[in-house]
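Here's the letter readout for the chains.
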Amino acid sequence: MPLLSVAQEYPRKDVNLERLVDELFGFQDQDLNYEDLYENLALLLANPLNLNKATAEELRFVNILSEEQLQNLLSYRNENGPFLSVYELQAIPGIDLPTIYRIIPFVAVYDPATTLNASLWQRMLKEGNTYLIARFERTLETRRGFTDAATEPQRFLGDANKIYMRFRSSRAGDYSIGFTVEKDAGEQVLWTPNQKQFGFDYNSFHAQVMNKGKIKNLIVGDYQAQFAQGLLLGSNFGFGKGAETITTIRRSNLGFLPYTSINETGYLRGTAVTYEASKNILVSGFYSNTWRDATILSDTIEGVMASAFQTTGLHRNIAELNRRKTIQEQQLGFILNYQNKKVDAGLIYHGLSYHLPVNRNSQPYNQFSFSGSILQNLGGFLNYTVNNFTFFSEAGKTISGGVGLSAGLLGSVTNQLDISLHYRNYQRNFHSFYSNAFAEGSMPQNERGLYWGWRYRWNRKYNMTGYMDIFRFPWLRYRSYSPSTGYEYLLRFNYHPSRNIHLFVQLREESKDRNRSGSDNNLYLTDTGIKRNYWLNADYRINQVLSLKTRAQFSSYSINQVTTYGMIVLQDISINFNKLSLTMRYALFDSDDFDNRQYVFERDVWLAFSMPAFSGTGIRNYALLQYDFTKRFTLWIRYAHIRYTDRQTIGSGADRIDGNIRNDIKLQCRIRL
């Protein structure tokens, strides 16, 4: 391994997060929020794990090492002592060069003699882990909400600029402090305490210390909780099904982590602590108190109640402001965790209450949805590792409702073959609002399923991955008003003729039932829809300056003897020349309907995530420029353009743009302190 023979810091700028997103982020055919997940990976990249302190759970979260490789790494560290350099990874049996190239950006070896002895203030200033980001965004075309054409309740009250600012100083396993503020286009900056607004529309802050005596973790402010398999307490760490078919089905038992995202839902606000009661026992507890957006109704019989939660985070006009922070949510939880080398087990209690009862608008599919003002869950988990296999499980029960179970196994059969297996059973009256457990639906409810995946490596150049997932929905679902079954499978063949070239071909098929449209029958009838996706991709680096990427995505959707189609082809050019980085894309898309919309990851400014969906016919292009003026100051400029050829307006309602063109600009600067 001559390329890694010299002990030096890895050039982290070279990390291809785009390829990582392709492997980890499912299939983007649903409007899921991948932004927080992406941000957690990007932050991990900026604050790598301490290779000499990282736990097995933390290393698993990166989703790169097989179970055999992970166990070999831990054994090597126990037998040989602390790593002297990240390049020492090449001495570990079973970890090949491609794996090292992928894992090395996410780990680091810190010198304790030059860091821990310094004061917190000195560590903040001298270790380069403190930064300030300022971002400005604007759509050049005028949306209807900014004009007199919009009705008064829909008219935007603020200007068309989107503003974002973040400060953070952190060191893995040591401390983290920071704040994030944001104003979306159309929102106002106000100081109105009676309306619970203090300056920007969204403000977030946190302070964290770790490993201070018996206090292993203490956070004040905004945070997230990731325990066991995320069935009762899961956060933005749950990967969906994707080309990484082995590691992504298991959730890591990470505990409490700071929340720094601009996603205005799904976080906890208050205090969380993890205390080391003994060598093998950790006790964790938290309290959260915050306000959520909801539609509030007043009924002469039921009284005042919340009929629906709002998760867009947009508060631009009177209609949206009427739903802003209208229901108070308090949460309390305790986790008892026993850990040794092979066993990780524990008990979880999670209680949640609202100051108003929740009573959703009655629909055939939501008869078993949560209603009331108090939700309590109890559960337990067990993870067990032996040789190259790890078993993981979690079971939970809603005290006034049903049961949920998530369990699986993953491991390495040989050096070439890795396998995974997962079983899930979530009853229709099991409720868990802060879950990211492995599931086909967006919530672990009304679902049974069996998943198995595999990955086979012939050699460094060739490998193949695949999975099969069979699931059943015992009760009605949104847009499917009958019990139903379905399946999904994927095959992907990867070819790496050299380090600078990566080619792959991917096929995915999914079958699900859907309500029949246009039926004259009073009864709800369903049909089975089959979605197929085909991807062809080539990444190739010509030299140290120029890289290219070519991709073609095709899809078809068949239901009730009607088949529609969609496609997108794109070409990327990336130039890296000293302090300058420039990425440009040109893409053509054409889809018959919304079922064949195409999702494609786009490069964006640091910590911003972009994966738009393209439906209809048109052209998409963008350019992203990054320039490092100094080691402490970096500037990004992004320009994106889309032109449709099948319509004369873009969007609807207050977001409607008259015309078939939309242009977006984004400016961001980062100052390292």
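Now for a description of the structure that goes with this document.

How each quantity is defined
Residues numbered from 1 in each chain as written. Predicted model: local features only at pLDDT ≥ 70, side-chain atom pairs only at ≥ 80, totals over all residues. Heavy atoms only, no water. Helix = DSSP H or I, 4+ residues; strand = E, 2+ residues; numbered from the N terminus. Rg over C-alpha atoms; globule rule 2.2 N^0.38 Å. Buried < 20%, exposed > 50% of the residue type's maximum accessible area, 1.4 Å probe, protein only. Contact = heavy atoms within 4.5 Å. Areas by Shrake-Rupley, 256 points an atom, 1.4 Å probe, with all protein chains shown as cover. 1 Å grid on protein atoms, 1.4 Å probe; cavity = no way out; pocket = protein on both sides within 12 Å on 5 of 7 lines; lining within 4 Å. Points joined across faces, edges and corners; volume = space filled by probe spheres on them. Nonpolar A, V, L, I, M, F, W, Y, C, P; charged D, E, K, R; others polar. Expected span 1.5 Å × (residues − 1). Phe/Tyr/Trp six-rings, centres within 6.5 Å; stacked < 30°, edge-to-face > 60°. Salt bridge = Lys/Arg side-chain N within 4 Å of Asp/Glu carboxyl O. Core = buried A, V, L, I, M, F, W, Y, C linked by side-chain atoms within 4.5 Å. Pairing = 2+ DSSP bridges. Lys, Arg positive; Asp, Glu negative; His and termini not counted. Polar contact = N/O pair within 3.5 Å; in protein donor to acceptor, adjacent residues only side chain to side chain. Patch = residues over 30% accessible without salt bridge, like charges linked within 9 Å, V, L, I, M, F, W, Y side chains within 5 Å.

Right, let's talk about the overall build of the chain for a bit. Along the chain, the regular secondary structure elements total eight helices and 35 strands. Relative to a compact globule of 673 residues, whose C-alpha radius of gyration would be 26 Å, the chain shows 25 Å and is just as compact. Dimensions of the chain, computed from the C-alpha atoms along their principal axes, are close to 70 × 55 × 55 Å. When the 673 residues of the chain are sorted by exposure, 52% land in the buried category. Of the contacts made within the chain by residues no fewer than 6 positions apart, 62% connect residues no fewer than 24 positions apart. In the structure as shown, the chain presents an accessible area of about 29700 Å², 57% of it carried by carbon and sulfur atoms.

Positive phi, normally seen in glycine, also occurs at K196, with a value near 60 degrees. Here K196 lies in the loop between strand 6 (190-192) and strand 7 (197-199). We note that A228 has phi near 55 degrees; this positive angle belongs to a residue other than glycine. You can see A228 is positioned in the loop between strand 9 (215-226) and strand 10 (255-258).

Next up on the list: empty space enclosed by the protein. Applying the stated rule across the entire model yields six cavities of 30 Å³ or more. Reported here for the largest cavity is a volume of approximately 80 Å³. Every residue along the wall of the largest cavity is listed here: R60, N63, L65, S66, E67, T247, R250, S252 and L410. In the lining of the largest cavity, the residues fall into two nonpolar, four polar and three charged.

A word on helix 4 (residues 67-80). Between the first and last C-alpha of helix 4 there are 20 Å, a value that for 14 residues agrees with the 20 Å anticipated at 1.5 Å per step. Those residues of helix 4 that are buried are in contact with helix 3 (56-61), helix 5 (97-103), strand 17 (372-386), strand 18 (389-398) and strand 19 (403-412). Directly after helix 4, the chain includes G81, whose backbone phi takes a positive value near 85 degrees.

Applying the stated criterion to the full structure yields 29 aromatic pairs. Their ring planes at 70 degrees and their centres at 6.4 Å tell us that Y202 and Y267 sit as a pair that is edge-to-face. In this pair, Y202 sits in strand 8 (residues 202-212) while Y267 sits in the loop between strand 10 and strand 11 (268-276), placing the two residues 65 residues apart along the sequence. Between Y223 and F256 the ring centres are 5.9 Å apart and the planes differ by 90 degrees, which places this aromatic pair in the edge-to-face class. Residue Y223 is located in strand 9, and its partner F256 is located in strand 10; the two are separated by 33 residues in the primary sequence. We note that Y223, like F256, is buried. Taken together through their ring pairs, the aromatic side chains of Y456, W458, Y462, F493 and Y495 make up a single cluster.

A word on the pattern of salt bridges. Tallying each qualifying case throughout the model produces 39 salt bridges. A salt bridge links E57 to R250; the shortest N-O distance between them is 3.0 Å. Pair noted here: E57 is in helix 3 and R250 is in the loop between strand 9 and strand 10, with a separation of 193 residues, a long-range link. Residue E57 shares its accessibility class with R250, and that shared class is buried. Across the salt bridge formed by E440 and K241, the nearest N and O atoms sit 2.4 Å from each other.

For the rest of this paragraph, the subject is the nonpolar core. Grouped together as the largest cluster of nonpolar side chains are 29 residues, with contacts concentrated most on F256, F286 and I348. Taken together, the elements giving at least two residues each to this core come down to strand 9, strand 11, strand 15 (327-339), strand 16 (343-358) and strand 17. Ranked by residues supplied to this core, first place goes to strand 16 with five residues. Counting residues in each nonpolar core, the second largest holds 25 residues, with L45, F61, V62 and L73 among its members.

So, on to the pairing of strand 16. In the case of a regular strand, side chains alternate between the two sheet surfaces. Where strand 15 and strand 16 come together, eleven bridges link them in antiparallel fashion. In the strand pairing of strand 16, L332 is matched with G351. The turn joining strand 15 and strand 16, which pair antiparallel and follow one another in sequence, is formed by three residues. In the sheet, strand 16 pairs with strand 17 via twelve bridges, with the strands oriented antiparallel. Bridge pairing links S353 to I374 in strand 17.

This part takes up the side chain of T398. Within the fold, T398 resides in strand 18. When sequence neighbours within four positions are dropped, the list of residues in contact with T398 reads L375, Q376, N377, N429, F430 and H431.

Time to look at the environment of S480. Mapped onto the elements, S480 comes out in the loop between strand 22 (462-473) and strand 23 (484-498). Classification of S480 by relative accessible area gives buried; the value is 0%. With 61 residues separating them in the primary sequence, S480 and I419 have C-alpha atoms 33 Å apart. Excluding its chain neighbours within four sequence positions, the residues that come into contact with S480 are D513, R514, N515 and T526.

Okay, the side chain of R135 next. With respect to the element layout, R135 can be found in strand 3 (residues 130-139). E137 is the oppositely charged side chain nearest to the buried, salt-bridge-free R135, at an N-O distance of 4.2 Å. Polar contacts involving the side chain of R135 include one to the side chain of Q668, which spans 2.6 Å. The contacts of R135, once residues within four sequence positions are left out, are K162, I163, Y164, V605, W606, L607, A608, K666, L667 and Q668.

With that settled, the discussion passes to a nonpolar patch on the surface. On the surface, L382, Y384, V386, F391, L405, L409, L421, Y423, L450, W452 and I470 cluster together into a nonpolar patch covering about 850 Å² of accessible area. Among the secondary structure elements, those contributing two or more residues to the nonpolar patch are strand 17, strand 19, strand 20 (417-426) and strand 21 (447-457). Looking at the nonpolar patch element by element, the count peaks at three residues for strand 17. With respect to the helices and strands, L421 occurs in strand 20.

Along the chain, the position of G351 falls in strand 16. Since its relative accessible area comes to 9%, G351 is described here as buried. In sequence terms G351 and W291 are 60 residues apart; their C-alpha atoms lie 16 Å from each other. Apart from the residues lying within four places of it in its own chain, the contact partners of G351 are Q330, Q331, L332, L375 and Q376.

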